[in-house]
Amino acid sequence: MGYKVAVVGATGNVGREMLDILAERAFPADEVVALASRRSQGQEVSFGDKTLKVKTLDAYDFSDTDICLMSAGGEASKEWSPRIGQQGCVVIDNSSAFRYDADVPLIVPEVNADAIAGFTKRNIIANPNCSTAQLVVALKPLHEAATIKRVVVSTYQSVSGAGKEAMDELFNQTRAVFTAGEIKQGGKFTKRIAFNVIPHIDVFMEDGYTKEEWKMVAETKKMLDPKIKLTATAVRVPVFIGHAEAVNVEFERPLSPEQATEILRAAPGILVIDKRENGGYMTPHEAAGEDATYISRIREDATIENGLNFWCVSDNLRKGAALNAVQIAEVLVNRRLLKSKTAA
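Basis of the calculations
Residues numbered from 1 in each chain as written. Predicted model: local features only at pLDDT ≥ 70, side-chain atom pairs only at ≥ 80, totals over all residues. Heavy atoms only, no water. Helix = DSSP H or I, 4+ residues; strand = E, 2+ residues; numbered from the N terminus. Rg over C-alpha atoms; globule rule 2.2 N^0.38 Å. Buried < 20%, exposed > 50% of the residue type's maximum accessible area, 1.4 Å probe, protein only. Contact = heavy atoms within 4.5 Å. Areas by Shrake-Rupley, 256 points an atom, 1.4 Å probe, with all protein chains shown as cover. Lys, Arg positive; Asp, Glu negative; His and termini not counted. Charge placed at Lys NZ, Arg CZ, Asp CG, Glu CD. UniProt positions renumbered as here; feature names shortened; annotations may be inferred. Axes fitted to C-alpha atoms, helices over the stretch in contact; angles between N-to-C directions. Parallel < 35°, antiparallel > 145°, perpendicular 65-115°, else oblique. Left-handed = near helix turned anticlockwise from the far one by under 90°. Nonpolar A, V, L, I, M, F, W, Y, C, P; charged D, E, K, R; others polar. Pairing = 2+ DSSP bridges. Right-handed = clockwise from strand over helix to strand, strands pointing away. Polar contact = N/O pair within 3.5 Å; in protein donor to acceptor, adjacent residues only side chain to side chain.

Draft legend 1. Seen up close, the overall build of the protein chain. Of the regular secondary structure elements, the protein chain holds nine helices and 14 strands. The globule rule puts the C-alpha radius of gyration for 344 residues at 20 Å, and the 20 Å found for the protein chain is close to it. Each principal axis of the C-alpha atoms in the protein chain carries an extent, and together these give about 60 × 55 × 40 Å. Counting across all 344 residues of the protein chain, residues that qualify as buried make up 53%. For the protein chain, the proportion of contacts with a sequence separation of at least 24, taken over those separated by at least 6, is 69%. Put simply, the protein chain shows about 15600 Å² of open surface, and 49% of that area lies on carbon and sulfur atoms. Both charge centroids of the protein chain, one from 41 positive and one from 45 negative side chains, sit 2 Å from each other.

See the structure below:
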């Protein structure tokens, strides 16, 4: 028997991507339900070659649903995820609401799939932040090979990470530049985003870092190794889809660029595109719509002992969000950690 899956936030960027990926990967679902807030009730979303009518979250009974893919933001998740979990439905949550809860596993299947077994405490599994997800996919095999001491990462994050309104803001501002129209500011971004970069994602914290930068530190430690020291600068760039990261890593033991390349080529979820020539690397534009985490520009950092630099690119709506959530659901099914309620 197949599973019954609900997608909450089905009309948003990530929710639509979740529906696409469930269909693409032929997830064993007998029924898929699209849920959102009251204002989206009756809207239509596509699921494979079918069209689903959106139902309201607050009127939905989860007692016969097996898996809920939650992408409705942190506040909605805090309110709904525990209630859904108590109805025996496993919530895979894309927000930051439960990532740092000791009773909620934070999972990237290529990195720490075994930790998923801890979901039974609250029936909630957390998806990491989009910028952390692609980073830990790349760091995991390198950490196993040479033990990471310290990571310095600068991100180049696309506007889709801030939602559909943010994409509209970039589009409208860009159009205004070309048509000499009024460039409207003060929407999702604190400064103009068209033809600009903004070194500010999420709220500022007391120490001068932003919450986005803090998330990368906390999540890497939780999923990979609490001993890893990490510092991040998170920057929003005028790109629609795809996050890029410039990553500097210091290891305990020597690891040459050639060895690192070989290790990364063999690692799950990674594609190495690294020719030292014009165009011999990946950019967000090419990664959009793809599942892999792409690694390019692997080279030695001669300023420190056992140092490497690399460039990491991935589709933030897919591996950074929707794909990772569906992969978590696949782990639950493949490891037989979840029985279909219809089969019970």
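Draft legend 2. How the structure looks around the environment of L106. One can find L106 in the loop between β7 (90-93) and α3 (109-112). Overall, L106 belongs to the buried group, its relative accessible area being 2%. In this structure L106 touches R99, N112, A126, N127, P128, E219, K222 and M223, once residues within four positions along its chain are discounted.

Draft legend 3. Summary view of the UniProt feature "active site" (unreviewed entry) in the protein chain. UniProt's feature table lists "active site" (unreviewed entry) at C130 and H243, given in the numbering used throughout. A maximum C-alpha distance of 8.1 Å among these annotated residues, which run over 114 residues, shows that they cluster at one spot. Mapped onto the elements of the fold, C130 is located in helix α4 (residues 130-146). Structurally, the position occupied by H243 is in strand β11 (residues 243-251). Judged by its relative accessible area of 0%, H243 falls in the buried class. Not counting the four nearest positions on each side in its chain, H243 is found in contact with C130, S131, Q134, Y156, Q157, S158, G161, R236, C312, V313, S314 and N316.

Draft legend 4. Seen up close, the packing of α4 against helix α7 (residues 257-266). At their nearest, the axes of α4 and α7 sit 9 Å apart, and the two run at 125° to each other. Compared by their axis directions, α4 and α7 come out oblique. Relative to α7, α4 is oriented so that their crossing is right-handed. Every residue of α7 that contacts α4 at A138, P141, L142 and A145 is listed here: A260, I263 and L264. Broken down by class, the residue content of the contact of α4 with α7 amounts to seven nonpolar, no polar and no charged.

Draft legend 5. Layout of the sheet that holds strand β13 (residues 293-300). Overall, mixed pairing links the six strands, which are arranged β10-β9-β11-β14-β13-β12 in an open sheet. Only two strands of the sheet have a single partner each, and these edge strands are β10 (229-236) and β12 (270-272). Averaged over all neighbouring strand pairs, the angle between strand axes comes to 20°, with direction disregarded. With respect to the sheet, α7 is in contact with β12, β13 and β14 (307-314), its orientation differing from that of β13 by roughly 165°.

Draft legend 6. Examining the pairing of strand β6 (residues 67-70) more closely. Covered by surrounding structure in β6 are I67 and L69 together with C68 and M70, the residues of both alternating faces. Where β6 lies against β7, four bridges are found, and the strand directions are parallel. Bridging from a neighbouring strand, M70 pairs with D93 of β7. A crossover links β6 with its parallel partner β7, the connecting element being helix α2 (residues 74-86), and its sense is right-handed.

Draft legend 7. How the structure looks around the sheet that holds strand β2 (residues 29-36). Spatial ordering of the open sheet is given by β5-β2-β1-β6-β7-β8, a layout of six strands whose pairing is parallel. The open sheet terminates on both sides in strands that have one partner only, identified here as β5 (55-56) and β8 (124-126). Judged from the three bridges that link them, β7 and β8 form a sheet pairing that is parallel. Its bridge partner lying in β8, V91 is registered against I124. Packing against the sheet, helix α9 (residues 318-334) makes contact with β1 (3-8), β6, β7 and β8, and its axis sits at approximately 150° to β7.

Draft legend 8. Structural detail: the UniProt feature "binding site: substrate" (unreviewed entry) in the protein chain. Mapped onto this structure's residue numbering, the UniProt feature "binding site: substrate" (unreviewed entry) falls at Q157 and R236. Taken together, the annotated residues stretch across 80 residues yet fold into one region, lying no more than 4.7 Å apart by C-alpha. Mapped onto the elements of the fold, Q157 is located in strand β9 (residues 148-157). Its relative accessible area of 0% is what places Q157 among the buried residues. Those residues in contact with Q157, other than ones at most four positions away along the chain, are C130, S131, I201, E212, A234, V235, R236, V237 and H243. For Q157, the side chain forms a polar contact with the side chain of E212, separated by 2.9 Å. Mapped onto the secondary structure, R236 falls in strand β10.

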